[in-house]
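Listed here are the chains, written in short residue letters.
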Amino acid sequence: MSLSFDPDSLALPMGHFIGDHLVAAEGVIAMHRPSDGKAYAKCPVADADLVDQAVQTAKAALKQSNWGGIRPRERVKALHRWADLIEQDAVTLARLEAVSSTRPVGHLVEGDIAVSAEQIRFFAEFADKEGSDLVPTDDGNLGMIMTEPYGVVGAITPWNFPINMAVWKLGPALAAGNAVVLKPSEMTPFSTIRLAELALSAGIPAGLINIVLGDGMTTGNAITGHPDIAKVSFTGSTRAGSAIMENIARTGIKPMTLELGGKSPQLVFADADIDRAAAAVTASITSNAGQACVAGSRLIVEKGVAAPLIEAILKKMQGIVPGPTWDAASQYSPIISDRQRQRIDDIVAASVAAGAECLTGGRPMDGPGYFYSPTLVAGVDQTSPAVIEEIFGPVLTLQTFEDEEEAMMLADHPSYGLAAGLFTSDLSRAIRLTRRLQAGTIWVNRYGRSRDHILPTGGYKQSGIGKDLGQEAFHANRKSKSVLISL
């Protein structure tokens, strides 16, 4: 069966998923398809009362199912069944995601969806393998550090990788024994709703996963400020993360995991494999049209190899052809909205006005949809808008350096520290500089995540608090208590 599909004939699950069914709701927010700009649906907005209904449903489900207290292996088996159903339903999930998002359908089945199923299995196995600790005390006492679920976790996910980001939140929270009330982006809700339906089919008790649709101001604030939400997990912009912190502080204290913005450097030294570096650098900024927090948007290259590296990158960028997300042959994504595309163009124009030069691109692409041309901007310094701002688009800046110290100075960003790339054949340099780079994830002679789910992700500075993925994500969904028993 071909993955390509007619977007106008696709049945869309619209409504809030609470308990074991879709709750019909009137659409409020106009939705436009990024690939052609067509208005095709309206997303409802859950108010505080409906969010409370979802939270109370989650609390009741936890109590009735004893999800956090049952034999842990039962949680493992249910989560594995869920992962199996996700793989079996991959074509439907891919189409539901592709129609509303920037993810080409051909990238989803073997990419996002397969990885998401793997991540659920990864987190599932922690349920019966990670527990409490018996700690050393004197002979007259017994000391323990016990862990237990938080209860109801509130989660908010972005539009750029809808299924994958939902699984980052749902997988570890459920494995750790919690229930979840999750708000997907109002621009890309459909695949997340389908995930919840599949979880129910897998035998995960009804009410443990509740999906409420809406915007950040109304629905998001209702989640993060709800007194019965015990922990919050969010992926998105630094600005939105700051607003969430403020709302939590205003309405009550609770732990949070925030994976936020980035402006990640990629350092290329003269001893690097230039062809390998060019392929990695180009892919990092053109994959999903640069709409990723970890996008490697700042190229910092040693002067002696700048010319051949630039030539290789330009050749790759100029060969990119856009296509709608519902075409299985498409390889290049649209921008999520016309507003975001205009923001990208404004930042590029401001940088050019300040003295920068576009070596390629620097404009919206012709044709339907919200496509923006892959762009390489030279002649920038540390004050350029294209260097300072998180653009969230296919815009790569170019700077050169003479030595390691200058490279480190250029790499350090005043606000962000999410990820970094380093290309060199010198192992000593690689070790030395990975210790100095201020970023939560550093890739050497590659750029981008693999399927090594054990590696956590999270940032320094304003790029976030806490970690997603890895065992850290599981532990972040359980709280601990110290127990000392006198014998």
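Predicted model only: the values in this text are computed from it and were never measured.

**Q** Would you mind going over the pattern of salt bridges with me for this structure?
**A** Pairing between side chains of opposite charge can happen when the charged atoms of each approach one another. A complete count under the given rule lists 29 salt bridges for this structure. For the salt bridge of E125 with K129, the shortest nitrogen-to-oxygen distance reads 2.5 Å. We classify E125 as partly exposed; its relative accessible area is 23%. By relative accessible area, which is 53% here, K129 ends up exposed. Its salt-bridge partner being E404, residue R429 comes within 3.1 Å of it at the nearest N-O pair. Remark: E404 occurs in helix α13 (residues 404-411) and R429 occurs in helix α14 (residues 427-436); sequence separation between them is 25 residues.

**Q** So what exactly am I meant to see when it comes to the packing of helix α3 (residues 90-100) against helix α6 (residues 190-201) here?
**A** Pairs of packed helices are described in terms of their axes, by the angle between the two and the distance that separates them. Interaxial distance between α3 and α6 falls to 8 Å at its minimum, and their mutual angle equals 155 degrees. With respect to their mutual orientation, α3 and α6 come out roughly antiparallel. Within the contact between the two elements, α3 uses T92, L93, L96, E97, V99 and S100 and α6 uses F190, S191, R194, L195 and L198. Class assignment of the residues belonging to the contact of α3 with α6 gives a composition of six nonpolar, three polar and two charged.

**Q** Help me understand the environment of G296 in this model?
**A** Within the element layout of this structure, G296 appears in the loop between α9 (274-286) and β13 (298-302). Since its relative accessible area comes to 0%, G296 is described here as buried. Along the sequence, G296 and G470 sit 174 residues apart, while their C-alpha atoms lie 22 Å from each other. With near-sequence residues (within four places) excluded, G296 lies in contact with S264, Q266, S284, I285, L396 and Y447.

**Q** Is there a simple way to explain the sheet that holds strand β5 (residues 133-135) in this structure?
**A** Across a sheet, strands are paired by hydrogen bonds formed along the backbone, either parallel or antiparallel in direction. Here three strands make up an open sheet; going across it, the order is β5-β6-β22 and the pairing antiparallel. For this open sheet the edge positions go to β5 and β22 (478-486), each flanked by a neighbour on one side alone. Here the strands of the sheet are splayed against their neighbours by 25 degrees on average, with no regard to which way each runs. Here nine bridges tie strand β6 (residues 141-149) to β22, and the two strands are oriented antiparallel to one another. Looking at the pairing, M146 lines up with K481 of β22.

Thresholds applied
- Residues numbered from 1 in each chain as written.
- Predicted model: local features only at pLDDT ≥ 70, side-chain atom pairs only at ≥ 80, totals over all residues.
- Heavy atoms only, no water.
- Salt bridge = Lys/Arg side-chain N within 4 Å of Asp/Glu carboxyl O.
- Buried < 20%, exposed > 50% of the residue type's maximum accessible area, 1.4 Å probe, protein only.
- Helix = DSSP H or I, 4+ residues; strand = E, 2+ residues; numbered from the N terminus.
- Axes fitted to C-alpha atoms, helices over the stretch in contact; angles between N-to-C directions.
- Parallel < 35°, antiparallel > 145°, perpendicular 65-115°, else oblique.
- Contact = heavy atoms within 4.5 Å.
- Nonpolar A, V, L, I, M, F, W, Y, C, P; charged D, E, K, R; others polar.
- Pairing = 2+ DSSP bridges.

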